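Now for the letters of each chain:
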Amino acid sequence: MAFYRPDTAMTSRLESVLDDLAADGRPGLRNSLAITWIRYEDDSPQAGAGVGAGWSEERPLYPASVVKLFYAVAAERWLQRDLIPEAEELRRALRDMVADSSNDATGLVLDLLTGTTSGPELQGDRWQQWQRQRRLVNDWLAELAWPELEPVNCCQKTWGDGPYGREKQFYGADNSNRNALTTAATARMLEAVMTGGVVSPPACRRLRDLLDRSLDPDLRRADPENQVDGFLGEGLPLGTRLWSKAGWMSQARHDAAWWQLPDQPPTMLVVFSTGPDRARDERLLPELAKALNGFSSPEEN
């Protein structure tokens, strides 16, 4: 059972949009996408109140920087439990990790969450203990008992050049232990943040502040890595409020976005696109958001 109510009209619309986008010079598009699309009836919805549609939304994929959303929520949960101390440096790292997608900041946050550090390869009991601690975020996700979280893996840092030493050792010889998320799991976590359905209400407000993106053209031009251009936010009209976390690398272009137009209920769209062609495609996500934004389902009337 999905955490939203499936809507047949939205499913038909999503499939039609995917057909149109594939016909525009994107052969095999469906095989490289995973999508969760949810709409809400109230301006301030409760968790689980949405209607939606999905495509391959339960397929685990490498999430790139989208995993930073999960680490930010975990940090607020650890603070709530007094497992890590409140500190200005932690707040700076959380801001840079989510707002600017800093990999260096992510490394610090994951070290604090798990009590681990990078370094040379380990052996024996020290290696076994290091691995147990590095899986602490996964342990917490399991405690939530959300079915959408069952296939996920959130235990690796994010990299520019790639992992070395014990970090590479932890990936496994075939990278079988890479981070993995589904769009359904990501959508449920983003919804929980936006509706106050995970951690405390003040913590959720802090997380929303980190996810807040501006569509102002001047601000976007001043920040080429704004997580709007080339992603879902670019397809939305000016005046839209946007909260999002994007992920991009040579084999992926992802985005998890929650947006709200004035005097309208919010929409959430999580899209993972994989493969080098999709990673280079700066138009796909904006076109998808534009095509789905403002859709009105007859099942809601």
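Up top is the structure these notes are about.
The residue count restarts for each chain, going from 1 along the sequence in the order it is written. With the structure being a predicted model, the display of local features is reserved for residues of pLDDT at least 70 and the display and counting of side-chain atom pairs for 80 or more, all residues being used for whole-chain, interface and lining totals. To obtain the side-chain values, all non-hydrogen atoms of the structure were used and water was disregarded.

Draft legend 1. Molecular detail of the packing of aromatic side chains. Side-chain rings of Phe, Tyr and Trp (the six-membered ring for Trp) are treated as a pair once their centres are within 6.5 Å; stacked means planes under 30 degrees apart, edge-to-face means over 60, and tilted covers the remaining angles. A complete count under the given rule lists seven aromatic pairs for this structure. When the centroid spacing of 6.0 Å and the interplanar angle of 85° are considered together, the rings of Trp78 and Trp140 count as edge-to-face. Placement of Trp78 in helix α2 (residues 67–80) and of Trp140 in helix α6 (residues 136–144) is noted, with a sequence separation of 62 residues between them. The pair Trp78 / Trp140 is uniform in exposure class, with both members buried. A run of H or I in DSSP counts as a helix once it spans at least four residues, and a run of E counts as a strand once it spans at least two, with each numbered from the N terminus. Accessibility here uses a 1.4 Å probe with only protein chains present; expressed as a share of the type maximum, an area under 20% marks a residue as buried, one over 50% as exposed, and anything in between as partly exposed.

Draft legend 2. Here's a closer look at the packing of helix α1 (residues 8–23) against helix α12 (residues 284–292). Two elements in contact, α1 and α12, have axes separated by 10 Å at closest approach and are oriented at 140°. Like other packed secondary-structure pairs, α1 and α12 cross with a definite hand, here right-handed. Touching Arg13, Leu14, Val17, Leu18 and Leu21 of α1 are Leu284, Glu287, Leu288, Ala291 and Leu292, all from α12. Only Asp, Glu, Lys and Arg are considered charged in this grouping, and only Ala, Val, Leu, Ile, Met, Phe, Trp, Tyr, Cys and Pro are considered nonpolar; every other residue, Gly among them, is considered polar. A class-by-class count of the residues in the contact of α1 with α12 yields eight nonpolar, no polar and two charged. Axes here refer to lines fitted to C-alpha atoms; in helices the fit is confined to the stretch in contact. Angles between the N-to-C directions go from 0 to 180 degrees. In a left-handed crossing the near helix is turned counterclockwise from the far helix by less than a right angle, and in a right-handed crossing that turn is clockwise. By definition in these notes, contact holds between two residues if any of their heavy atoms fall within 4.5 Å.

Draft legend 3. Summary view of the side chain of Thr116. With respect to the element layout, Thr116 can be found in the loop between α4 (103–114) and α5 (124–134). A distance of 3.0 Å separates the side chain of Thr116 from the side chain of Arg134, its partner in a polar contact. Whenever two N or O atoms come within 3.5 Å, that pair is a polar contact, provided that in protein one can donate a hydrogen and the other can accept it, and provided that, for residues adjacent in sequence, both atoms are side-chain atoms.

Draft legend 4. Molecular detail of the environment of Asp255. Tracing the backbone shows Asp255 in strand β6 (residues 252–260). Take Asp255: its relative accessible area is 0%, and that puts it in the buried class. Taking C-alpha positions, Asp255 is 9.9 Å from Ala64, a pair spaced 191 residues apart along the chain. Once you skip the residues sitting within four places of it in the chain, Asp255 turns out to touch Gln227, Phe231, Leu232, Gly233, Ser244, Lys245, Ala246, Leu269, Val270, Val271 and Leu285. From its side chain, Asp255 meets the backbone nitrogen of Leu232 in a polar contact 3.1 Å long.

No statement about biological role is implied by the geometric values presented.
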